[in-house]
Amino acid sequence: IFQKVLVTRKLLKTSQQRLEQQGFDLVQWPHDSSMPRQALLDGVKGAQGVICMLSDNIDKEFFDAAGPHLKVVSTLSVGYDHIDLNQARQNRVKVGYTPDVLTDATADLTVLLCLAAARHMKSGIRACESGEWREWRPDWLCGYQFKGKTLGVVGMGRIGQAVAHRLKSFGIERIVYWGRNEKPGLKETLNADFTSFDQLVTESDFVVACCALTDDTKQVFNYDVFKKMKKNAIFVNTARGGVVNQDGLVRALEEKLIAAAGLDVTTPEPLPTDHKLFKLDNCVILPHIGSATIEARETMGDMCVDNVVAALNGKELPFELK
Ligand code: GLV
Ligand code: GLV
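Residues numbered from 1 in each chain as written. Chains lettered and ligands numbered in written order. Predicted model: local features only at pLDDT ≥ 70, side-chain atom pairs only at ≥ 80, totals over all residues. Heavy atoms only, no water.

## Comments concerning the site of ligand 1
Every residue close to ligand 1 is listed here: L54, S77, V78, G79, L102, R240 and H288. For ligand 1, an oxygen atom lies 2.8 Å from a polar atom in the backbone of V78. In the environment of ligand 1, an oxygen atom lies 2.7 Å from a nitrogen or oxygen atom belonging to the side chain of R240. Coverage of ligand 1 by the protein chains reaches 90% of its 190 Å² of free accessible surface. A class-by-class count of the residues in the shell around ligand 1 yields three nonpolar, three polar and one charged. (Near = heavy atom within 4 Å. Polar contact = N/O pair within 3.5 Å; in protein donor to acceptor, adjacent residues only side chain to side chain. Areas by Shrake-Rupley, 256 points an atom, 1.4 Å probe, with all protein chains shown as cover. Nonpolar A, V, L, I, M, F, W, Y, C, P; charged D, E, K, R; others polar.)

## Regarding helix α7 (residues 158-169)
With 12 residues, α7 should cover 16 Å at 1.5 Å per step; its first-to-last C-alpha distance of 17 Å lies within 8% of that length. Of all the positions in α7, only I159, G160, A162, V163, A164 and L167 are classed as buried. Looking at the packing, one finds that the buried side of α7 touches α5 (103-118), β6 (150-154), β7 (174-178), α8 (186-190) and β9 (206-209). Two residues or fewer past α7, G171 is found with a positive phi of approximately 110°. (Helix = DSSP H or I, 4+ residues; strand = E, 2+ residues; numbered from the N terminus. Expected span 1.5 Å × (residues − 1). Buried < 20%, exposed > 50% of the residue type's maximum accessible area, 1.4 Å probe, protein only. Contact = heavy atoms within 4.5 Å.)

## Let's talk about the domain arrangement of the chain
By domain assignment, the chain separates into domain 1 (4-99 + 294-312) and domain 2 (103-285). Computed over C-alpha atoms only, the centres of domain 1 and domain 2 are separated by 32 Å. At the junction of the two partners, domain 1 supplies seven residues and domain 2 supplies five residues. For the domain 1 and domain 2 pair, buried surface summed over both sides reaches about 500 Å², with 53% attributable to carbon and sulfur atoms. (Domains from an automatic or database assignment. Buried area = accessible area lost by both parts, 1.4 Å probe.)

## Remarks on the nonpolar core
Residues I51, L151 and M156 are the most contacted members of the largest nonpolar core, which totals 49 residues. It is α5 that contributes the most residues to this core, nine residues altogether. Shared between two domains, this core holds at least three residues of each, these being domain 1 (4-99 + 294-312) and domain 2 (103-285). L151 has contacts with A164, L167, I172, R174, I175, V176, S204, F206 and V208, leaving out every residue within four places of it along the chain. (Core = buried A, V, L, I, M, F, W, Y, C linked by side-chain atoms within 4.5 Å.)

Encoded structure:
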């Protein structure tokens, strides 16, 4: 008996092979583009398993289109704000994701953006390429270092903690964090203090967003918040574009209320090439590549395949979102 599985994009090489070895009746979008909505809705009809991307909207319409046989949706991401979890629960569909394996990759990229934003990397590259680099100058492109500074982490989950550990070794002196609850043990391991959101944004030199996008974090970074930050503050977002009120960020950067921003996530994605943020020298933008290492992405693909195999065999998902 065939088990229909929808996979909305090609996976990396070894996980794609693993997928093809399962003997599923596989519906997979064959092009190097995300699966158009209608193809997604048509493709999921009668499916028992789905592997989706964070760019696919897994909402009520999707579950309705799938029908009653759907057992599992596994997303190639740690974030799950694109999935209607209530609807999944109602339909008794298990949800799988890929925690842990992308923590290091994403934490590395967060550090990269902190450095890039703090050290004028965008202006530096532009100056090299445009010929504006005429000579060595003592006061040119001077930024900020980590030593002695305060790091504020919004969302002290696996990724936030990995960022904190990295930046501690770069000389960060004080770590504060905000999130749903205080995390036991972080005082001992990181000397990190749980604070209010207000205290975090007021006191931190580096503010990094590593949180999930939820009702609690939606647009928490708005103009008024940026206004409260230090003038030398560096804001980095590797979470979701939705945690930022982007017009507020544009204004704050234009008015130099904060020093610079580094963004791996925006609203929308992709950000239109004529967007104001691209024109700002003090804003470095990357195209949502936090987890984009070969190691992480191969493992993420394998985890999705393993989740679907387990669910279709009536077993517990090895990587289930609960
Ligand atoms: C990437 O943004 C992820 O959620 O894995
Ligand atoms: C998710 O955001 C994590 O920290 O792993």
